[in-house]
Amino acid sequence: MIETQTIAPAPADTRRDLIGLSREELAQELAALGEKPFRVKQLWHWIYHQGETDFPAMTTLAKGLRETLAERFAVRRPRVVTEQNSADGTRKWLLAMPDGNQVETVHIPEEDRGAVCVSTQVGCTMTCRFCHTGTQLLVRNLSAAEIVGQFMLARDSYGEWPTPTDETRHLSNVVLMGMGEPLLNYDAVVRAMKIVMDPEGIAMSKRRVTLSTSGYVPNIRRCAADLGVKLAVSLHAATDEVRDAIMPINRKYPIAELLAACRDYQEIAGARQYVTFEYILLKGVNDSLADARQLVRLIESSGIGAKFNLIPFNAWPGAPYETPAVKTVQAFAEVLTAAGFAAPIRVPRGRDILAACGQLRSASERQKLSRVRARQAEGIDDPHAPPEKS
Ligand code: SAH
Ligand code: SF4
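Just so it is clear, the model here is predicted, and its values are computed rather than measured.

Quick notes on the rules
Residues numbered from 1 in each chain as written. Chains lettered and ligands numbered in written order. Predicted model: local features only at pLDDT ≥ 70, side-chain atom pairs only at ≥ 80, totals over all residues. Heavy atoms only, no water. 1 Å grid on protein atoms, 1.4 Å probe; cavity = no way out; pocket = protein on both sides within 12 Å on 5 of 7 lines; lining within 4 Å. Points joined across faces, edges and corners; volume = space filled by probe spheres on them. Helix = DSSP H or I, 4+ residues; strand = E, 2+ residues; numbered from the N terminus. Nonpolar A, V, L, I, M, F, W, Y, C, P; charged D, E, K, R; others polar. Domains from an automatic or database assignment. Buried < 20%, exposed > 50% of the residue type's maximum accessible area, 1.4 Å probe, protein only. Arc of directions from axis to C-beta. Contact = heavy atoms within 4.5 Å. Near = heavy atom within 4 Å. Polar contact = N/O pair within 3.5 Å; in protein donor to acceptor, adjacent residues only side chain to side chain. Areas by Shrake-Rupley, 256 points an atom, 1.4 Å probe, with all protein chains shown as cover. Core = buried A, V, L, I, M, F, W, Y, C linked by side-chain atoms within 4.5 Å. Salt bridge = Lys/Arg side-chain N within 4 Å of Asp/Glu carboxyl O. Pairing = 2+ DSSP bridges. Axes fitted to C-alpha atoms, helices over the stretch in contact; angles between N-to-C directions. pLDDT = per-residue confidence, 0-100.

1. Quick notes on the layout of surface pockets
Then comes step 1: Quantified by volume, the largest pocket comes out at close to 1,200 Å³.
Then comes step 2: Counting only elements with at least two residues in the lining of the largest pocket, the list comes to β5 (102-109), β6 (114-117), β9 (173-176), β11 (230-234), β12 (275-281) and β13 (306-312).
Then comes step 3: Estimates place the volume of the second largest pocket at around 390 Å³.
Then comes step 4: Listing elements by their share of the lining of the second largest pocket, those giving two or more residues are β1 (16-17) and α4 (144-157).
Then comes step 5: Looking at side-chain class alone, the lining of the second largest pocket contains 7 nonpolar, 4 polar and 6 charged residues.
Then comes step 6: Domain assignment of the residues forming the lining of the second largest pocket places at least three in each of domain 1 (16-74) and domain 2 (79-369).

Here it is as structure tokens:
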């Protein structure tokens, strides 16, 4: 006979997560426990320099304090749902947040360094037509803890604690190029990057952080003053006509306004700071030599110190575009380099695990969408009905 036993579910862990709190907030929490302000420095060091998640192991703190902290607080990481390794060394995690929402984080190794590509939202409301993330149903902003947590989890995965020196670390850069539009989750992104750039913790210098935006103009200038990190702008077209067709945001903030904000960014963040213009190449849409010449004229006349990053379109199932031939991409690049611009062609990384730019989309969403589509095909669902709740 098989006996079944019902076990009561463990009570939810309601302890407050210390990840994502600023130094000032951490100081307030400690002050409430009657601790002196200098303890913040020690705690910060354990959490963000040592990568320690276990209070009892924080041996420079008094035993009593360690016990109190463990009762009231936690140092959490996002939960790993899956980890995939590409043949080219790229590693992608599907991470679950406490409410069950999932996002993807990618590590792209180079020879002696590597960038961790971090998500800022679950899904994205910008609906750029070439982007897989933009077709995702659910959207919510990630918290600062969830953004910082992605990078910390990547460091756990490579055992890169305590924080190595800038020269010796493998996870040397942070790029806000995962799922979501960082400038639409402004406060959490700024808070998270301030934590990541704190010199006594994760210690990422601002030239090692790149924020990529589709061009939410109002927050570009703010960001120059608040963070001053490297700015990458998803331009993708040299005329409003083409940009309107592929990026709905352009109807609200057209190219001239976007470039004016970039010029100001450069001025505020420091003139030596180049703006990188990302340019996705879509076959027959924006990849001709005439497009390349127009792009040169546009950026030359803008007066912005600029570099390009050419991204041949990464296909995804059901995408409405195609990737141009290698020859076409090279010819496009030559026009830009002949005009004196750096214009590397980005080699897609992790394509075999759908980790390349614009391919990110959580597996649960992929499954959910295919269920919705299957039901729509059977005539069960009204296609205009709001998406299912997860
Ligand atoms: N939301 C931000 C950052 C995330 S997207 C932004 O749009 O800038 C990171 C980069 O990938 C952007 O330049 C984006 O335009 C590009 N991208 C999106 N879909 C792509 C695809 N299918 N192929 C290649 N690049 C893509
Ligand atoms: Fe959002 Fe960026 Fe994708 Fe556009 S390209 S839908 S802004 S993630």
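So, next bit.
2. Here we look at helix α1 (residues 23-32)
Then comes step 1: Buried residues of α1: L26, E29 and L30, and no others. Projection of α1 onto a plane perpendicular to its axis shows the buried side chains occupying an angular sector of 95°, all on one side. Every exposed residue of α1 that faces more than 90 degrees away from the buried side is listed here: E24, Q28 and A32.
Then comes step 2: Where α1 is buried, its residues meet β1, α2 (39-49), α3 (63-72) and β2 (73-74).

3. So, the site of ligand 1
Then comes step 1: Surrounding ligand 1, one finds 20 residues, the nearest of these being G180, S212, S234, H236 and N314.
Then comes step 2: Interatomic distance of 2.6 Å between a side-chain N/O atom of S234 and an oxygen atom of ligand 1.
Then comes step 3: At a separation of 3.2 Å, an oxygen atom of ligand 1 approaches a polar side-chain atom of E278.
Then comes step 4: Alone, ligand 1 offers 530 Å² of accessible surface; in the complex the protein occludes 96% of this.
Then comes step 5: Only β10 (209-213) and β12 provide two or more residues apiece to the shell around ligand 1.
Then comes step 6: Of the residues in the shell around ligand 1, the class split is 9 nonpolar, 9 polar and 2 charged.

4. Considerations on the site of ligand 2
Then comes step 1: In the vicinity of ligand 2, the contacting residues are C124, M126, T127, C128, F130, C131, G134, G180, E181 and S214.
Then comes step 2: Here the shell around ligand 2 is built from residues that sort into 5 nonpolar, 4 polar and 1 charged.

5. Comments concerning the environment of V242
Then comes step 1: Positionally, V242 belongs in helix α7 (residues 240-246).
Then comes step 2: Separated by 44 residues in sequence, V242 and N286 have C-alpha atoms that sit 7.4 Å apart.

6. Side note on the nonpolar core
Then comes step 1: L43, F130, M193, F277 and I299 are the most contacted members of the largest nonpolar core, which has 103 residues in total.
Then comes step 2: Each of domain 1 (16-74) and domain 2 (79-369) contributes no fewer than three residues to this core.
Then comes step 3: Apart from residues lying up to four places away in sequence, F277 is in contact with V233, L235, L259, C262, I299, I304, A306, K307, F308 and N309.

7. Thoughts on the pattern of salt bridges
Then comes step 1: Inspection of every chain in the model, using the stated rule, returns 20 salt bridges.
Then comes step 2: With a closest N to O distance of 3.0 Å, K41 and E200 form a salt bridge. In this pair, K41 sits in helix α2 while E200 sits in the loop between α5 (186-196) and β10, placing the two residues 159 residues apart along the sequence.
Then comes step 3: Measuring nitrogen to oxygen at the nearest pair gives 3.9 Å for the salt bridge that ties R222 to D187. Taken together, the residues R222 in helix α6 (residues 218-226) and D187 in helix α5 connect sequence positions 35 residues apart.
Then comes step 4: Judged by relative accessible area, which is 41%, R222 ranks as partly exposed.
Then comes step 5: For D187, a relative accessible area of 57% translates into the label exposed.
Then comes step 6: Here the salt bridges share partners, and the residues they tie into one network are R23, K41, D198 and E200.

8. A word on the environment of V103
Then comes step 1: Relative to the elements of secondary structure, V103 occurs in strand β5.
Then comes step 2: Residue classification places V103 among the buried positions, given a relative accessible area of 0%.
Then comes step 3: Considered as a pair, V103 and W93 are 10 residues apart in the sequence and their alpha carbons are 8.2 Å apart.

9. A word on unusual backbone geometry
Then comes step 1: Going from W161 to P162, the amide bond is cis rather than trans, its omega being -15°.
Then comes step 2: Positioned with a positive phi, T127 is a non-glycine residue whose angle comes to about 50°.
Then comes step 3: On the secondary structure map, T127 appears in the loop between β7 (121-122) and β8 (140-141).

10. Examining the sheet that holds β12
For sheets, the rule is that strands pair by backbone hydrogen bonds, running either parallel or antiparallel.
Then comes step 1: In space, the 9 strands of this open sheet follow the order β3-β4-β5-β6-β9-β10-β11-β12-β13, with mixed pairing throughout. One side of each edge strand has no neighbouring strand; the edge strands of this open sheet are β3 (79-85) and β13. Direction aside, neighbouring strands of the sheet carry axes that sit 20° apart on average.
Then comes step 2: Here 4 bridges tie β11 to β12, and the two strands are oriented parallel to one another.

11. Observations concerning the confidence of the model for the protein
Then comes step 1: On average, residues of the protein score 89 in pLDDT, and 88% of them reach the 70 mark or higher.
Then comes step 2: Predicted confidence is poor over residues 1-6, with pLDDT under 50, and the contacts of this stretch with residues over four places away or in other chains come to 0 contacts.
Then comes step 3: Low pLDDT, under 50, characterises residues 371-390; the predicted model gives this stretch 13 contacts beyond four residues in sequence or across chains.

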